[in-house]
There are 2 protein chains.
Amino acid sequence: MDPWLSPRNSEGKDGATLTFEDNFEPSDRLPDSVAYLSALEKRLAQLKERQSKKDLVQSLEEKHKSCMLRLVSEGSNMTFTQEDFDLDVPVNSGHPAQAWLRRVAPERQAVTVGELVELLKADQLTQILSDEANNSDSASKGIGRELAIEFSRAFAVNSVVVLLARSESGLAETRNLVINANANVKVKIYPTDLSKSDPELFLSMIQTSLRESGCSAGDFDLSLIVHNAGSVGDVSEGTSDMCDPEKWQQYFSLNLFSVACLNSQFLKVFPEGSAKQRTIVNVTSLCAIKPFKSMGYYCTGKASREMFFRVLAEENPTIDVLNYAPGPVDTDMVSEVISSTGDADIKSMFVNLKKTGTILTVDQTTRKIMEVLESGKFESGQHVDYYDE
Amino acid sequence: MDPWLSPRNSEGKDGATLTFEDNFEPSDRLPDSVAYLSALEKRLAQLKERQSKKDLVQSLEEKHKSCMLRLVSEGSNMTFTQEDFDLDVPVNSGHPAQAWLRRVAPERQAVTVGELVELLKADQLTQILSDEANNSDSASKGIGRELAIEFSRAFAVNSVVVLLARSESGLAETRNLVINANANVKVKIYPTDLSKSDPELFLSMIQTSLRESGCSAGDFDLSLIVHNAGSVGDVSEGTSDMCDPEKWQQYFSLNLFSVACLNSQFLKVFPEGSAKQRTIVNVTSLCAIKPFKSMGYYCTGKASREMFFRVLAEENPTIDVLNYAPGPVDTDMVSEVISSTGDADIKSMFVNLKKTGTILTVDQTTRKIMEVLESGKFESGQHVDYYDE
């Protein structure tokens, strides 16, 4: 146990122990160890190369010096504020997303939250959460909202989060939840009907978000876009009846064309060499690789969209592309299938999933996708399912 | 050797032999054998159950009687016309498509061409060869044309063949080639721009073809549709640049929406219980299951289309659906990729296929698809590639 925590522990709510637990001999983790200092010096050297970050380096040096001075002069009697304790929490103790963050920016791997705040003060992550117009899993609800919150929780100070969905009130609520989870990110929301894909509008949303946040594409360690937009389509119609070109057009405009357009504009703003890492997540489905009765639009749309991102991965080795199938999650989309499907087997499959409680929650699938990204155990373009090992 | 052929052989062009080759003892194949007669009687019994075919049965009985009479009265000195020899050719000696035909209508399995003509006089096969507008593999060229010819060669008398493609002159030429291959089929051609899918137009094409041929959907043993329509799309554009909704819309209209619409109208005309067998062939590609650089539109379109037909197969167990990938065939589409692709690897891949002569011919792939259909060794909805065993 860290000696710094002893005074607090002796007054702990659980009243577990009031005796000494440590002999106050310096442990390996003491911040004045040779390894720790040389690591800090290395990071400082890295930061010094970046002209625009001089003031950050200076503030970091000062903070480091004052910390050392306090430690040396006050010894074990020094007083600590709640903030000191918060900053001293190891980064890897929290949500899996934090571990993932460490993977994507290893050269900034901080040991404590305090270090992270300082080291990454001027670094930001950006996230575009594109979301859907006609259905439930938008950035204003369901998986989209949960992903926005949990990703944001892992983001560094001054990250920019851009949320797209149809419902303005839903988006505003999501923004509040994101800020509650991490007050240090900037959230931009754009109520958008993605069934009418408009490339110029998409480009301006991303550019405006950066401009209003006072930053440019080169400022980011990670640029991430999550394509969660999607609708299930008319499940009352079998494939042998799907003969309305207008209906096809509308379905594909929302589920493929606008996704490709938004993705393209995102990559125009973040071209190769801009952010250190570019990650694209496509929320796909088992339906992209396996046919299901009554789900002709959904299967066809998901198959095309997954293939689009596989070609993108093939063409762009510097982009990390994940096709993530969230499994059967208890959202409005499932309710829609149950109430409208033209196939009894599909209906009873989903009804049983709900009845037996084997249907997944948005929490479960969100945790899984963050674990997948954290572990990095996927080939770019690969289809990874919730149920995959 | 069949004794009937001896007189002709002795005057054969090759002048091989003028000696007797047979002792005129009846062989197993002599048409008055007990097995042969009982087979004929069985077929007659089957035909007699069909009220509408009384005159056919009568003509067959008369033909059979007269044949027997001639055989009995004239013995080995009877005279034969060229037509007699043509009619006596075993059906299974020809193209694999004939064997396939026998598979799909086993109760009509004729031993000779003559029997086939008689037995199937009032039976017909219909084939809709839908084809593409913007590219080369249409019913007026390439794989589409070859499939039209070779399928038609296997079709029974009075089969109706409907060809759709953009080029009117190309279609007229294909019609001539089809009639050369089998003068007993009726060919309807419709110059059509499939990039503008029009469900009413599709329906009227099929209905008009039947009406003008004096038949209805119930008259057919087999209703078959081949979806060969397709374009390769803009191969100069990477997926990261594919942000034009209009371009997406056009690509999918030709490559998916119109295919689904035409298919739906075909199934409206030939619902479950109409023809004895309903077969749907989708000409797909390796690109439907494997991403290729610079071929974003093609891969995405083929993936969606193949999935559409997989769902169709899942929903309709009485339809045989084959997703056939013809392999790299030397058509204008390949030339287009070579001249326009934005990717050097893809270009050299196709250039090498041509240079080394490993690129396939339309003949090769047509033979393969007919073998696949004939063998019946595929699950409905399955992706079968030219190179598959």
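Residues numbered from 1 in each chain as written. Chains lettered and ligands numbered in written order. Predicted model: local features only at pLDDT ≥ 70, side-chain atom pairs only at ≥ 80, totals over all residues. Heavy atoms only, no water.

S.K.: So what exactly am I meant to see when it comes to helix α8 (residues 168-181) of chain B here?
M.R.: For an α-helix, the turn length of 3.6 residues means that residues three or four places apart are oriented alike. Residue and element names in this part refer to chain B. The end-to-end C-alpha distance of α8 is 20 Å, a good match for the 20 Å that 14 residues give at a rise of 1.5 Å each. Looking only at α8, the buried set comprises G170, L171, T174, V178 and A181. Along the axis of α8, the buried residues cluster in a sector spanning 95°; they form a single face. Opposite its buried face, α8 presents the exposed residues E168, S169 and N180, each directed more than 90 degrees away. (Helix = DSSP H or I, 4+ residues; strand = E, 2+ residues; numbered from the N terminus. Expected span 1.5 Å × (residues − 1). Buried < 20%, exposed > 50% of the residue type's maximum accessible area, 1.4 Å probe, protein only. Arc of directions from axis to C-beta.)

S.K.: I'm lost on the interface of chain A and chain B in this one. Help?
M.R.: Put simply, an interface is often sized by how much accessible area is lost when its parts join up. If you look at the interface, chain A gives 43 residues, while chain B gives 43 residues. Taken together, the two surfaces of chain A and chain B that pack against each other cover about 3400 Å², and 69% of this comes from carbon and sulfur. Of all residues in chain A, the largest losses of buried area upon contact with chain B belong to T239, P291 and M307 of chain A, amounting jointly to 17% of the total for that side. Summed over the shared surface of chain A and chain B, the result is zero salt bridges. Counting every contact that joins chain A to chain B gives eight residue pairs in polar contact (both at pLDDT 80 or more). Of all the secondary-structure elements, those providing two or more residues to the side of chain A that touches chain B are α10 (245-269) and α11 (296-315) of chain A. Classifying every residue of the side of chain A that touches chain B gives 23 nonpolar, twelve polar and eight charged. (Contact = heavy atoms within 4.5 Å. Buried area = accessible area lost by both parts, 1.4 Å probe. Salt bridge = Lys/Arg side-chain N within 4 Å of Asp/Glu carboxyl O. Polar contact = N/O pair within 3.5 Å; in protein donor to acceptor, adjacent residues only side chain to side chain. Nonpolar A, V, L, I, M, F, W, Y, C, P; charged D, E, K, R; others polar.)

S.K.: What's the story with the relation of the copies chain A and chain B in this structure? I'm lost.
M.R.: Here chain A sits on chain B after a turn of 180° about the axis and a move of 0.0 Å along it, with an RMSD of 0.0 Å. With respect to symmetry, the two chain copies, as superposed, fit the operation of a two-fold axis. When C-alpha positions in chain A are compared against the rotation axis, the closest is assigned to S304 of chain A, at 2.3 Å. Residue by residue, 100% of the interface of chain A is reproduced at the interface of chain B, so both copies engage with the same surface. (Least-squares fit on C-alpha atoms with pLDDT ≥ 70 in both.)

S.K.: Whenever I open this one, the state of the cysteines confuses me. Can you help?
M.R.: Each disulfide consists of a covalent bond between the sulfur atoms of two cysteine residues. Residues and elements named next belong to chain B. All told, the structure shown has zero disulfides over all chains when counted by the stated rule. Note on C287: no disulfide assigned, nearest cysteine sulfur contributed by C299 at a separation of 4.1 Å. C299 sits in the buried class, given a relative accessible area of 0%. (Disulfide = S-S within 2.5 Å.)

S.K.: Quick question: what am I supposed to make of the pattern of salt bridges here?
M.R.: Two side chains of opposite charge can pair, provided their charged atoms sit close to one another. Residues and elements named next belong to chain B. Following the criterion strictly, the structure yields 20 salt bridges over all chains and no others. Between K247 and D234 there is a salt bridge whose closest N-O contact spans 2.8 Å. Here K247 is found in helix α10 (residues 245-269), whereas its partner D234 is found in the loop between β4 (220-227) and α10, with 13 residues between them in sequence. Classification of K247 as partly exposed rests on a relative accessible area of 26%. You can call D234 partly exposed: its relative accessible area is 25%. Residues K247 and E237 are paired through a salt bridge, measuring 3.1 Å at the closest nitrogen-oxygen approach. Linking K247 in helix α10 with E237 in the loop between β4 and α10, this pair joins segments that are ten residues apart in sequence.

S.K.: It is not clear to me how the nonpolar core should be interpreted in this structure. Could you clarify?
M.R.: Nonpolar side chains tend to gather and get buried jointly when the protein is soluble and globular. Residues W248, F252 and M295 of chain A together with W248, F252 and M295 of chain B are the most contacted members of the largest nonpolar core, which totals 116 residues. Every residue in contact with M295 of chain A, bar those within four places of it in the chain, is listed here: V232, V235, C287, V337, I346 and F350 of chain A together with E315 of chain B. Listed in part, the 32 residues of the second largest apolar core include I149, F155, M370 and Y386 of chain B. (Core = buried A, V, L, I, M, F, W, Y, C linked by side-chain atoms within 4.5 Å.)

S.K.: Please explain the pairing of strand β2 (residues 160-165) of chain B as it appears in this structure.
M.R.: The side chains of a regular strand alternate between both faces of the sheet. Residue and element names in this part refer to chain B. Most of β2 is tucked away: six of the six residues are buried. Side chains V160, V162 and L164 project from β2 onto one buried face, and the interleaved V161, L163 and A165 project onto a second face that is buried too. Relative to strand β3 (residues 186-191), β2 runs parallel, the two being bridged by six bridges. Paired with V161 across the strands is V187, a residue of β3. Note on the crossover from β2 through α8 to β3: the handedness is right-handed. (Pairing = 2+ DSSP bridges. Right-handed = clockwise from strand over helix to strand, strands pointing away.)

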